[in-house]
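Topology and contacts: notes
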Amino acid sequence: MTLLLALVAQVAFAQQTVTGTVTDADGPIGGATVSVKGGTTFASTDFDGNYSIQANPEDILVFSYVGYDSKEELVGNKTVINVTLAASLDEVVVVGYRTTTQEKSNVASSIVTNKTIENRPNANVLQTLAGQVPGLDIRANTGQPGGDSTINLRGIGSINGNNEPLFVIDGAFVDEDNFRSLNPQDIKSISTLRDVAATAIYGNRGANGVIVIETKTGAYGQDLEIRVNSITTFNRLQDNDYDLLNSQELLTLERERGAGFGGGVYQGTGVPLTDAEIAAAPNTNWRDVFFRVGSTLNNNVSLSSGGKNSRQFTSLGFYDQEGILKDSDLKRFNFRTNVSGKTENDKFNYALNLTANYSESNEPNQIGGTGINRNYVLGAYQSVPWISPDDYTTGADLLSPLLFANTPLFLLDRLNTYRRKEEEIKLVGSMNLSYKLTDDFTLRTITGFDYQNEILTRAEQSDSFNALLFGGAANPVAGFSQQSTVREFAFNQNTSLNYNHTFADKHTVDASVFVEYNKYHLRGFRFFNEGLDPRTYAFGDGSGIVQDQPTNDFYVATPGADVNNSGLFSYFGSVDYDYDGKYGFTGTLRRDASSRFVGENKWGTFYSVAGRWNMHKEKFLEESEVIDVLKLRASYGTAANQYVSLANNFGIFSPSVNFLDLGLFRDTFATGASYAGLQGVSVNNFGIGGLSWETTREYNVGVDFEMFTSRLRGSIDFYYRDTEDLFTSTQLSGIAGTGSFSQAGNFGLLTNRGFDASLTYDIIRPTEEDGFKLTAGVVANLNDSVIRDLLPEEGFVLGQGREGGRLYEYFTIRYAGVNPANGNVLFLDANGDLTETPNPDTDRVWLNKNLVPEFQGSFTLNADYKRFYVQTQWNFATGVDRFDNDLAGFQDPTNIGQFNLTRDILRSWTPDNRITDMPSLDATNINTFASDRYLRSADYLNLRFVQLGYNFDPAVLEKVGISNLNVFVNAENLFTLSEWRGFDPMTPSNVSRQYPTPVQMSVGIELGF
């Protein structure tokens, strides 16, 4: 017994605790496995790559992680062992409904990991993704917290169909326009499938690319890890270069023109203001009134752990953002639980994923519109500065005199009397089950769902300016209330049988057959009621609703309801062959049946073929000291688009893409007022039985490479994509009973051609532990779009383009400057001759310009030294031309006395100032002809993201029970270089008075236990 105790004590004292960090070229690796070679002891790294394990001096530690080459280290007398793993050619990548290794992949795809997603202030993860994927153009439509973005992959692929990629989260197909309720901190990786070799297997939803999102999991054999993350952000308005007049300048101009307050018109006296009165006028910056510095609080807690055969990840999140525009905000609560595991013999595997989210959003409506009593942005930009917020009293006081100059007071009243709130519950879940029937055959089933319930509530009080104005004296309680409820449920189920076998150690066949079912349900109810009694009114409560009255039909409620269903049934298969890791090809074939189409058009067939050649495995490159990896890829195939978007939605409130234009395909009828006011039935839509899929045919040739011991690495892809049978409308004579002069059909062809590139270069590699490292990266896409085979005899469709021209090419009269003789506006006619009176019917020309980027992407520069790190990302775009309609308003002399103007107006033509770019204030043709006068380049270089952080020493933190501590500061959208004079050149629209995206400054902390 004594001898045994001595032996145990000797072994115990021989063991030692070894700690360290596992990293790759980009930073820490969470979930890596550290094990004792030949033993049963193992540990997992936490989210920041830290680990701790018991080992003997003679033990060898094995460091491994999926997608990286394993590394071994002898323990010896070391207590700290830090290792850096190199990316492996066996890295797992997503290729449609299956995964493979980077070496055996035949497709063009890009992976963005949580390292460049986490700890950024955006409520919508898609805005974080902008600039990180070649060919993926993501531009925010609005600065509203959680607002939607426009997403195009390799150009715009449809005119009137859906243009955005298909999104898949853990096997569940989700609404691509609604990410405001999802937590970016839960995401592990985002894979973008860019070519048809990867997307054809998704059939009629794969034409615009596919984005596969994988959320985090725990690791097998991992002790409980708790991670706490907190970020505080301050949001402010971007700068602009409109250079607006102050009160003294504006009132002096009004006095000179005999207009407005300066000219004595508003006072009703006709007596102009004196110099002293002008000097005493207040100067109000209305941007500071309607915009603000908003704050954001983003707190997250996650717990992860794992045993030998099971693992789990659970997270809780709270996000609260004030928008920079008053009355806009987003509050969100998130919960996620991911559980996965396997049996002892690894035959049965399961993964259960569920996220439950609730959000509240105050979102001002009619932003971008011209309503001087509705659009707060208009009030912030264009309001005259000589009016003060102190001038506001009540809405009733603004009724007389009714002056445009009181625009900011109308809007202050609306801030006080109008409310609009959207509430959303969003659930996304999936279940992935697989069973290995034999060593070669695996049966798998994936079930997913996306449920969202959105409630819009808005109301305008009866004492508001708007209610009093539009209700009139006869309707003193003319406020309104509205509620809209929309529930959407998307369900997908996929069952597959996979065969995978290697013959003679060199020939590998991977074949799968699939059956898939997708079903979509929408239920909606809405009402709008004129009339609110202020004595009992409460927001969202019906107690204040005024009922219909026998002698007054003003107070009439308008109800509505929606029931819509659609579905998709598919069967398909794929075959992948690999020879010795050198050569390989993949083929896919899919049949889809969509409930949207009728008759023979219900079914569609789509396919792809792809091949690769790993040239670095050939003898002539095996000994190369320059080339480490060189792979050639090529693919061809078809995919489709079933989603038409011609606004035939039965009045549904904000439907997702699954319910767009379901009414196009069948005859529909509506009831309503008819002859003599009697109830009647009329044709609402003539169904178009011949309408069918948009089909995309794409060629892709690409190369993946690593050179100079992987110091330089990247990929380049060239593509050519045709979209045939475009959803569009043809002009017809009036159709009896509908009043329509067009009908949807399939005609035309849209071509996108160009290249994607992604390059990374290690400028400086560290020569010692925690040494200096500097890495640069470039992501770029060059795309050219051409529209052809248009149906009209004229060879063009206004608003869409001309035969052989660019999509959405501008067609207008050309502006030529100011006539020095009289100050009128000069234009060019169709022949290029100067004229003051162009003919809109004959002098408009195609400009070979549009607002779609030709060349866009980003470049990054990242540095690490000791425990400090710096990350930067610059986004750019060229070939973008937009109409600056805000500038048009600021330079419009007819606004004198009503709105503010730019100082440009002070250099207007006069007999003493004949050479100028600003027409005479009395020009006879200044607003007569639409032209390209305000068409401006919106090319930009934007510092999209910069982060400075510090990781504390784990050895020091361990003494106080903390495994990791990271502090950082961020700046998002910090500044932009552009000729564009407005607030946001990146907005993908020509609409004026938009809600611009903010500048965001953040400070954050991460704690691990």
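Residues numbered from 1 in each chain as written. Predicted model: local features only at pLDDT ≥ 70, side-chain atom pairs only at ≥ 80, totals over all residues. Heavy atoms only, no water.

**Let's talk about the overall build of the protein**
Basically, it comes down to this: Only DSSP runs of H or I with at least four residues qualify as helices, and only runs of E with at least two residues qualify as strands; both kinds are numbered from the N terminus onward. We compute the radius of gyration from the C-alpha atoms alone; for a globule the expected value is 2.2 Å times N to the 0.38, where N is the number of residues. Burial classes follow relative accessibility: with a 1.4 Å probe on protein chains only, a residue under 20% of its type's maximum area counts as buried, one over 50% as exposed, and anything between as partly exposed. Residues are treated as being in contact if the distance between any of their heavy atoms lies within 4.5 Å. Computed with the Shrake-Rupley method and a 1.4 Å probe, the accessible areas treat only the protein chains shown as cover for residues. Neither His nor the chain ends is counted toward charge; the positive residues are Lys and Arg and the negative residues Asp and Glu. We put the charge of a Lys on NZ, of an Arg on CZ, of an Asp on CG and of a Glu on CD.
In terms of helices and strands, the protein carries 12 helices and 53 strands. In terms of C-alpha radius of gyration, the protein reaches 32 Å, essentially the compact-globule figure of 30 Å for 1009 residues. Overall, the C-alpha framework of the protein stretches about 115 × 65 × 65 Å when taken along its three principal axes. Within the protein, the proportion of its 1009 residues that are buried is 53%. Put simply, 69% of the contacts in the protein that link residues at least 6 apart link residues at least 24 apart. Surface accessibility of the protein: about 42,000 Å² in total, with carbon and sulfur atoms responsible for 56%. If you average the places of the 79 positive and of the 119 negative side-chain charges in the protein, the two averages end up 4 Å apart.

**Looking at the domain arrangement of the protein**
Applied cut-off: Each domain span listed reflects an automatic or database assignment of domains.
On domain assignment, one finds that the protein holds domain 1 (16-84) and domain 2 (814-844 + 885-933). When each unit is reduced to the centre of its C-alpha atoms, the spacing between domain 1 and domain 2 is 71 Å.

**Considering the confidence of the model for the protein**
Formally: Along the chain, pLDDT gives the predictor's confidence residue by residue, from 0 to 100.
Considering every residue of the protein, the mean pLDDT works out to 89; 93% of them sit at 70 or more. Segment residues 1-13 is flagged for pLDDT under 50; beyond a separation of four residues in sequence, or across chains, it makes 1 contact in the model. Below pLDDT 50 for its whole length, residues 648-653 participates in 25 contacts with residues either more than four positions away or in separate chains.

**A word on the sheet that holds strand S42 (residues 814-818)**
This is how the line gets drawn: In short, DSSP must find at least two bridges between two strands for them to pair.
With antiparallel pairing, 3 strands are arranged side by side in an open sheet as S42-S43-S44. In this open sheet, the two edge strands, each paired with only one partner strand, are S42 and strand S44 (834-835).

**Digging into the packing of aromatic side chains**
Which entries qualify depends on this criterion: Stacked, tilted and edge-to-face pairs are distinguished by plane angle, under 30 degrees for stacked and over 60 for edge-to-face with tilted covering the rest, among Phe, Tyr and Trp rings (Trp via its six-membered ring) whose centres lie within 6.5 Å. Any Lys NZ or Arg CZ found within 6 Å of a ring centre and within 35 degrees of that ring's normal is scored as a charge over the ring.
For the coordinates displayed, the defined rule picks out 42 aromatic pairs. For the ring pair Phe-796 and Phe-811, a centre distance of 6.0 Å and an interplane angle of 35° mean the geometry is tilted. Highlighted residues: Phe-796 in strand S39 (residues 796-797) and Phe-811 in strand S41 (residues 811-812), separated in sequence by 15 residues. Members of the aromatic cluster, connected to one another through ring pairs, are Tyr-97, Tyr-202, Phe-514 and Phe-572. Over the aromatic face of Tyr-319 sits the side chain of Arg-332, whose NZ or CZ is 4.6 Å from the ring centroid.

**Some details on the pattern of salt bridges**
In plain terms, the rule: A pairing counts as a salt bridge when a side-chain nitrogen of Lys or Arg comes within 4 Å of a carboxyl oxygen of Asp or Glu.
For the coordinates displayed, the defined rule picks out 48 salt bridges. With its nearest N and O atoms 3.2 Å apart, the salt bridge here joins Asp-904 to Arg-907. A relative accessible area of 5% means that Asp-904 is categorised as buried. Judged by relative accessible area, which is 34%, Arg-907 ranks as partly exposed.

**Things to note about the UniProt feature "domain: TonB-dependent receptor plug" (unreviewed entry) in the protein**
Threshold: UniProt positions are given in the numbering used here, feature names are shortened, and annotations may be inferred rather than shown by experiment.
UniProt's feature table lists "domain: TonB-dependent receptor plug" (unreviewed entry) at residues 103-210, given in the numbering used throughout. Between the first and last C-alpha atoms of residues 103-210 the distance is 21 Å; the span itself is 8% helix and 28% strand.

**What about the side chain of Asn-163?**
Here is the rule: In protein, a polar contact means a hydrogen-donor-capable atom and an acceptor-capable atom, both N or O and within 3.5 Å, with residues adjacent in sequence counting only if both atoms are side-chain atoms; elsewhere, any N or O pair within 3.5 Å suffices.
Mapping Asn-163 onto the fold places it in the loop between strand S13 (149-153) and strand S14 (166-169). In this structure the side chain of Asn-163 is engaged in a polar contact, spanning 2.8 Å, whose partner is the backbone nitrogen of Gly-157. A polar contact is formed between the side chain of Asn-163 and the backbone oxygen of Ser-158, at a distance of 2.8 Å. Among residues more than four places away in sequence, those in contact with Asn-163 are Ile-151, Asn-152, Ile-156, Gly-157, Ser-158 and Asn-208.

**Here's the deal with a nonpolar patch on the surface**
Selection criterion: Only residues above 30% relative accessible area that lack a salt bridge enter a patch, with like-charged residues linked at up to 9 Å and the nonpolar side chains Val, Leu, Ile, Met, Phe, Trp and Tyr linked at up to 5 Å.
A surface patch of nonpolar side chains, amounting to about 490 Å² of accessible area, comprises Leu-224, Ile-226, Val-301, Leu-316, Phe-335 and Phe-1009. Tracing the sequence through the fold places Phe-1009 in the segment after strand S53 (999-1008). The class of Phe-1009 is partly exposed, set by a relative accessible area of 41%.

**Quick notes on unusual backbone geometry**
At the junction of Ser-400 and Pro-401, the peptide bond is cis and its omega measures out at -5° in the coordinates. Tracing the sequence through the fold places Pro-401 in the loop between helix H7 (376-382) and helix H8 (407-417). Phi is positive for Tyr-808, which is not a glycine, with a value near 60°. Topologically, Tyr-808 is positioned in the loop between strand S40 (801-802) and S41. Its identity is not glycine, yet Lys-866 carries a phi of approximately 55°, on the positive side. If you trace the backbone, Lys-866 turns up in the loop between strand S46 (855-865) and strand S47 (868-878). Overall, Lys-866 belongs to the partly exposed group, its relative accessible area being 44%.

**Focus: the sheet that holds strand S17 (residues 210-215)**
Note the threshold: Convention adopted: a line fitted to C-alpha atoms gives each axis, helices being fitted over their contacting stretch, and angles between N-to-C directions are expressed from 0 to 180 degrees.
With respect to topology, 5 strands assemble into an open sheet ordered S11-S16-S17-S14-S15, the strand pairing being mixed. Each of the sheet's edge strands pairs with one partner strand only, and the pair in question is strand S11 (109-113) and strand S15 (172-174). Taking each pair of neighbouring strands and ignoring which way they run, the sheet shows an average axis angle of 25°. Two elements, S14 and S15, share 3 bridges in a ladder whose sense is antiparallel.

**Some words on the pairing of strand S20 (residues 310-322)**
Bridge count for strand S19 (residues 294-306) against S20 is 11 bridges, and the pairing is antiparallel. Bridge pairing in S20 places Ser-304 opposite Phe-313. The turn joining S19 and S20, which pair antiparallel and follow one another in sequence, is formed by 3 residues. Note: S20 against strand S21 (residues 329-342), 13 bridges, orientation antiparallel. Following the sheet pairing, Asp-320 is matched in S21 by Lys-331. Hairpin geometry of S20 and S21 is characterised by an intervening segment of 6 residues between the two adjacent antiparallel strands and by a positive phi of about 70° at Asp-327.

**Focus: H8**
Where burial is concerned, most of H8 is hidden: 9 out of the 11 residues are buried. All of the buried residues in H8 are Thr-407, Pro-408, Leu-409, Phe-410, Leu-411, Leu-412, Asp-413, Arg-414 and Thr-417. Packed against the buried residues of H8 are helix H6 (286-290), H7, strand S23 (418-436), strand S24 (441-460) and helix H9 (465-471).

**A few points about the nonpolar core**
Stated precisely, the cut-off is as follows: Here, nonpolar core means buried Ala, Val, Leu, Ile, Met, Phe, Trp, Tyr and Cys residues that are tied together by side-chain atoms lying within 4.5 Å of each other.
With 47 residues, the main nonpolar core has Phe-290, Phe-291 and Trp-386 as its most contacted residues. When residues of this core are traced back to their parent elements, those giving at least two are helix H4 (247-257), H6, H7, H8 and helix H11 (885-890). A per-element tally of this core places H7 first, with 5 residues. One finds Leu-129, Ala-130, Leu-182 and Val-428 within the second-largest nonpolar core, a separate group that totals 22 residues.

**Points about the environment of Thr-728**
The topology assignment puts Thr-728 in strand S35 (residues 727-731). Sequence-wise, Thr-728 and Ile-159 are 569 residues apart; in three dimensions their C-alpha atoms are separated by 6.9 Å.

**Regarding the side chain of Ser-692**
For Ser-692, the position within the fold is in the loop between strand S32 (679-685) and strand S33 (694-707). Dropping the residues within four chain positions of it, Ser-692 is found in contact with Phe-597, Asn-601, Phe-727 and Asn-746.

**Some details on H4**
As a reminder, the rule being used: Directions pointing from the helix axis toward each C-beta atom define the arc.
The complete set of buried residues in H4 reads Ser-247, Leu-250, Leu-251, Leu-253 and Glu-254. On an axial view of H4, the arc spanned by its buried residues comes to 160°, and they lie on one face. Those residues of H4 that are buried are in contact with helix H5 (275-279). Where H4 starts, the residue carrying a side-chain oxygen 3.1 Å from the main-chain nitrogen of Gln-248 turns out to be Asn-246. Phi for Gly-258, located one or two positions after H4, is positive at around 65°.

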